[in-house]
Amino acid sequence: VGAVWAMPVGEKTEKLAFRRVRDHFEVTAPSAEYSALLLVERCEPFIDLMPPKPVVPGEKGVAKVVLRNFNPEAISGNLTLRCAQGWNFPKKAFSLKSGENMAFDLDVNVPKNARWDVHDLYAVVTESRGETKRCGMMGVTRPIFAEIEKISRERIEVLFDNFSHKTVNGVVSLQLPK
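Every value quoted in this text rests on a predicted model; they were computed, and no experiment measured them.

## Considering the sheet that holds strand 9 (residues 92-96)
If you walk across this open sheet you meet the four strands as 9-8-11-12, and the pairing is antiparallel. This sheet does not close on itself; its edge strands, each paired only once, are strand 9 and strand 12 (130-140). Shown here is a sheet whose adjacent strand axes are inclined to one another by a mean of 25°, direction ignored.

## Some words on the layout of surface pockets
To locate leftover empty space, one rolls a probe as large as a water molecule over the atoms. When its volume is computed, the largest pocket comes out at roughly 190 Å³. Residue lining of the largest pocket: 13 residues in total, with P52, K53, P54, G61 and V62 positioned closest to the centre. Counting residues per element, the lining of the largest pocket draws most heavily on strand 7 (residues 60-68), which supplies four residues. Here the residues of the lining of the largest pocket sort into eight nonpolar, two polar and three charged.

## Section: the nonpolar core
Counting residues in each nonpolar core, the largest one holds 24 residues, and the members touching the most others are V65, L67, L79 and L81. For this core, the elements supplying multiple residues, two or more each, are strand 6 (46-50), strand 7, strand 8 (75-83), strand 9, strand 10 (101-109), strand 11 (117-127) and strand 12. When residues in this core are grouped by element, the largest group, four residues, is from strand 8. Residues within four places of V65 in sequence aside, it is in contact with I47, D48, L49, L79, L81, M102, A103, F104, L106 and A123. With six residues, the next largest nonpolar core counts W5, M7, V40 and C43 among its residues.

## Some words on the pairing of strand 4 (residues 24-27)
Relative to strand 4, strand 3 (residues 18-21) is paired through four bridges, and the arrangement is antiparallel. Following the sheet pairing, F18 is matched in strand 4 by V27. Adjacent in sequence and paired antiparallel, strand 3 and strand 4 are bridged by two residues, among which R22 carries a positive phi angle near 50°.

## Digging into a nonpolar patch on the surface
Side chains of I144, I148, I151, I156, F160, V168, V172, L174 and L176 sit close together on the surface and give an oily, nonpolar patch of about 810 Å² of accessible area. Mapped by element, the contributors of at least two residues to the nonpolar patch are strand 13 (144-151) and strand 14 (156-162). Take the nonpolar patch: its biggest share by element is three residues, from strand 13. Looking at the element boundaries, V172 is found in the segment after strand 14.

Parameters and conventions
Residues numbered from 1 in each chain as written. Predicted model: local features only at pLDDT ≥ 70, side-chain atom pairs only at ≥ 80, totals over all residues. Heavy atoms only, no water. Pairing = 2+ DSSP bridges. Helix = DSSP H or I, 4+ residues; strand = E, 2+ residues; numbered from the N terminus. Axes fitted to C-alpha atoms, helices over the stretch in contact; angles between N-to-C directions. 1 Å grid on protein atoms, 1.4 Å probe; cavity = no way out; pocket = protein on both sides within 12 Å on 5 of 7 lines; lining within 4 Å. Points joined across faces, edges and corners; volume = space filled by probe spheres on them. Nonpolar A, V, L, I, M, F, W, Y, C, P; charged D, E, K, R; others polar. Core = buried A, V, L, I, M, F, W, Y, C linked by side-chain atoms within 4.5 Å. Buried < 20%, exposed > 50% of the residue type's maximum accessible area, 1.4 Å probe, protein only. Contact = heavy atoms within 4.5 Å. Patch = residues over 30% accessible without salt bridge, like charges linked within 9 Å, V, L, I, M, F, W, Y side chains within 5 Å. Areas by Shrake-Rupley, 256 points an atom, 1.4 Å probe, with all protein chains shown as cover. Salt bridge = Lys/Arg side-chain N within 4 Å of Asp/Glu carboxyl O.

By themselves, these figures tell us nothing about what the structure is for.
Written as structure tokens, this is what we have:
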């Protein structure tokens, strides 16, 4: 074991002192409610990925990524995004000491010819020990999404969402059965 981390409920993760005694380890944890105690010899970087909200083809979204280093030593490498459709994403260099976190806002430029669908979007970390990936789902959508919210005898309520960064104008036509 190279490091021990306490993960208190609703609080910041903290590195704990420990010592090896014959065939076991002794750790003194402050009194708190823990979701986990993590004993690490070596581990991949932890990746938190929040994909962008649905994006319209030809426009840009932002994915939020947080890297966490629970290794006993520092790590450095590159972070990028990857999508099965072959979209291009720039690499971002990082260097994290033991216990450090680093947050990134990464642009997701959706090509104009992207199909409307839900796509797998990966945050990919490459460092000296290899590659680590975290997958999230990203929607590519039409600019306007409309949904019938409520129907009564007197009226129909329709909810419209504009996922485009542009102003969208148009006419709404409801066709009712005869």
